[in-house]
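Analysis of the macromolecular model
The primary structure of each chain is shown beneath.
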Amino acid sequence: MNKQKAQPLIDYINKYVLLTPEEENILLSFIRFRRYLKGQYIVQQGDVCKHECFVLSGCTKTFYIDGEGQEHIIMFSIEDWWASDMGSFITQTPADFNIQCLEHTELVMFSYDTIEDLYVKIPKLERFFRQIIEKAFVASQKRIVRNFSLTAKDQYLYFKEQYPEIEQRIPQYMVASYLGITKEFLSKIKSQLALE
């Protein structure tokens, strides 16, 4: 397995738990790489999410389509981020979300079928995944609080400050969808900010 290609993932894991060279080799034997084209889906609503994906390059959006056919963006993922419908992956039940590539994207993929084996062979990886899931859970709760407590303008400013690289890479209507506002309202906010 291509260690050089997987190095960003190994570096990321080593920020949480330190892998020995032997553990790195075991890890490499469990993962696979996959390239997706811009516009391709990694997971579709209603399908079971079979992989936990680490983004090596590219950008994805996680979203759901409501009963009226309206798209609601939940998150974006870029390099060194994860892309998965976690609920579907853990329970192996139909996904609530779609994950689509906004750019040509390359992923490291951990399959559901092998992840338990990986935990047995490298027990510290269970701690690693627990830590990143806890971090994601906290971020999700904080986002809910921001949605309730901040104005649309303050939510946009927070997004711009926290994710400057993402804002440069995605269309404005997607930023608006993520913030839960119309693209027209986002344009109005940006115009106001330009005058301040």
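Rules of the game
- Counting starts from 1 at the beginning of each chain's written sequence and moves along it residue by residue.
- pLDDT decides what is reported in this predicted model: residues at 70 or higher carry local features, side-chain atom pairs at 80 or more are listed and counted, and totals for whole chains, interfaces and linings draw on all residues regardless.
- Neither water nor hydrogens contribute to the side-chain values; these are computed over all heavy atoms in the structure.
- Only strands joined by at least two bridges in the DSSP assignment are considered to pair.
- Secondary structure elements follow DSSP: runs of H or I no shorter than four residues count as helices, runs of E no shorter than two count as strands, and numbering proceeds from the N terminus.
- Angular values range over 0 to 180 degrees, each being the angle between N-to-C directions of two axes fitted as lines to C-alpha atoms, with helices fitted over their stretch in contact.
- Only protein chains enter the accessibility calculation, which uses a 1.4 Å probe; a residue whose area is less than 20% of its type maximum is buried, one above 50% is exposed, and one in between is partly exposed.
- This arc describes the spread of directions from the helix axis toward the C-beta atoms.
- Only heavy atoms enter the contact rule, under which two residues are in contact if any of them lie within 4.5 Å.
- Cavity: a set of points on a 1 Å grid over the protein atoms alone where a 1.4 Å probe fits but cannot get out. Pocket: an open set with protein on both sides within 12 Å along at least five of seven lines, its lining residues, like those of a cavity, having an atom within 4 Å of a point.
- Grid points are joined across faces, edges and corners, and a volume is the space filled by probe spheres set on the points.
- All amino acids are sorted into three groups, where Ala, Val, Leu, Ile, Met, Phe, Trp, Tyr, Cys and Pro are nonpolar, Asp, Glu, Lys and Arg are charged, and the leftover types, Gly among them, are polar.
- In what follows, roughly perpendicular refers to angles from 65 to 115 degrees, roughly parallel to angles under 35, roughly antiparallel to angles over 145, and oblique to any angle outside these ranges.
- A crossing counts as left-handed when the near helix is turned anticlockwise from the far one by less than a right angle, and as right-handed when that turn is clockwise.
- By convention a nonpolar core is built from buried Ala, Val, Leu, Ile, Met, Phe, Trp, Tyr and Cys residues, the set being connected through side-chain atoms within 4.5 Å.

**Focus: the sheet that holds strand β2 (residues 41-43)**
- Pairing within the open sheet is antiparallel, and its 4 strands lie in the order β2-β7-β4-β5. Edge positions in the sheet fall to β2 and β5 (71-77), since each of these pairs with one other strand and no more. Taking the axes of each pair of neighbouring strands and ignoring which way they run, one obtains an average angle of 30 degrees across the sheet.
- Looking at chain direction, β2 and strand β7 (residues 98-101) are connected through 2 bridges and run antiparallel. The residue of β7 that forms the bridge with Val43 is Ile99.

**A closer look at helix α2 (residues 21-30)**
- When we look at burial in α2, the residues that qualify are Glu23, Glu24, Leu27, Leu28 and Phe30. Seen along its axis, α2 keeps its buried residues to an arc of 160 degrees; they face one direction. Along α2, the residues that are exposed and aim more than 90 degrees away from the buried face are Pro21, Glu22 and Ser29.
- Buried residues in α2 make contact with α1 (3-14), β1 (32-36), β8 (105-111), α4 (112-121) and α5 (124-149).

**Some thoughts on the layout of surface pockets**
- A volume near 1700 Å³ is recorded for the largest pocket.
- Taken together, 49 residues line the largest pocket, and the ones lying closest to its centre are Ile74, Met75, Ala136, Ser140 and Arg143.
- Elements supplying a minimum of two residues to the lining of the largest pocket: β4 (60-65), β5, β6 (82-83), α3 (86-91), α5, α6 (152-162), α8 (172-179) and α9 (183-195).
- Split into classes, the residues belonging to the lining of the largest pocket amount to 25 nonpolar, 13 polar and 11 charged.

**Focus: the packing of α6 against α8**
- α8 packs onto α6 with a crossing angle of 120 degrees between their chain directions and a minimal axis gap of 10 Å. On the basis of the axis angle, α6 is oblique to α8. α6 and α8 meet at a crossing whose hand is right-handed. Residues Gln155, Tyr156 and Phe159 of α6 pack against Val175, Tyr178 and Leu179 of α8.

**Notes on the pairing of β7**
- Neither face of β7 is exposed, since Asn98 and Gln100 on one face and Ile99 and Cys101 on the opposite face are all buried.
- Bridge analysis of β4 against β7 gives 4 bridges, and the strand direction is antiparallel. Within β7, the position partnered with Lys61 by the bridge is Gln100.

**Some words on the sheet that holds strand β3 (residues 51-57)**
- Strand order in the open sheet formed by 4 strands is β1-β8-β3-β6, and the pairing between neighbours is antiparallel. Two strands bound the open sheet, and with one partner strand each, they are β1 and β6.
- Contacts from α1 reach β1, β3, β6 and β8, with the element oriented near 110 degrees to β3.

**As for empty space enclosed by the protein**
- Applying the stated criterion across every chain yields a total of 1 cavity of 30 Å³ or more.
- In this structure, the largest cavity is lined by Arg143, Arg146, Asn147, Gln155, Tyr158, Phe159, Tyr163, Tyr178 and Leu179.
- Considered class by class, the residues forming the lining of the largest cavity number 5 nonpolar, 2 polar and 2 charged.

**Thoughts on the nonpolar core**
- In this structure, Leu9, Leu27, Ile31, Trp82, Phe110, Leu125 and Phe128 are the most contacted members of the largest nonpolar core, which totals 38 residues.
- The greatest single-element share of this core, amounting to 5 residues, is contributed by α1.
- Not counting the four nearest positions on each side in its chain, Leu125 is found in contact with Ile13, Leu19, Leu27, Leu118 and Tyr119.
- Among the nonpolar cores identified, the runner-up in size contains 20 residues, and Ile78, Tyr156, Tyr178 and Ile189 belong to it.

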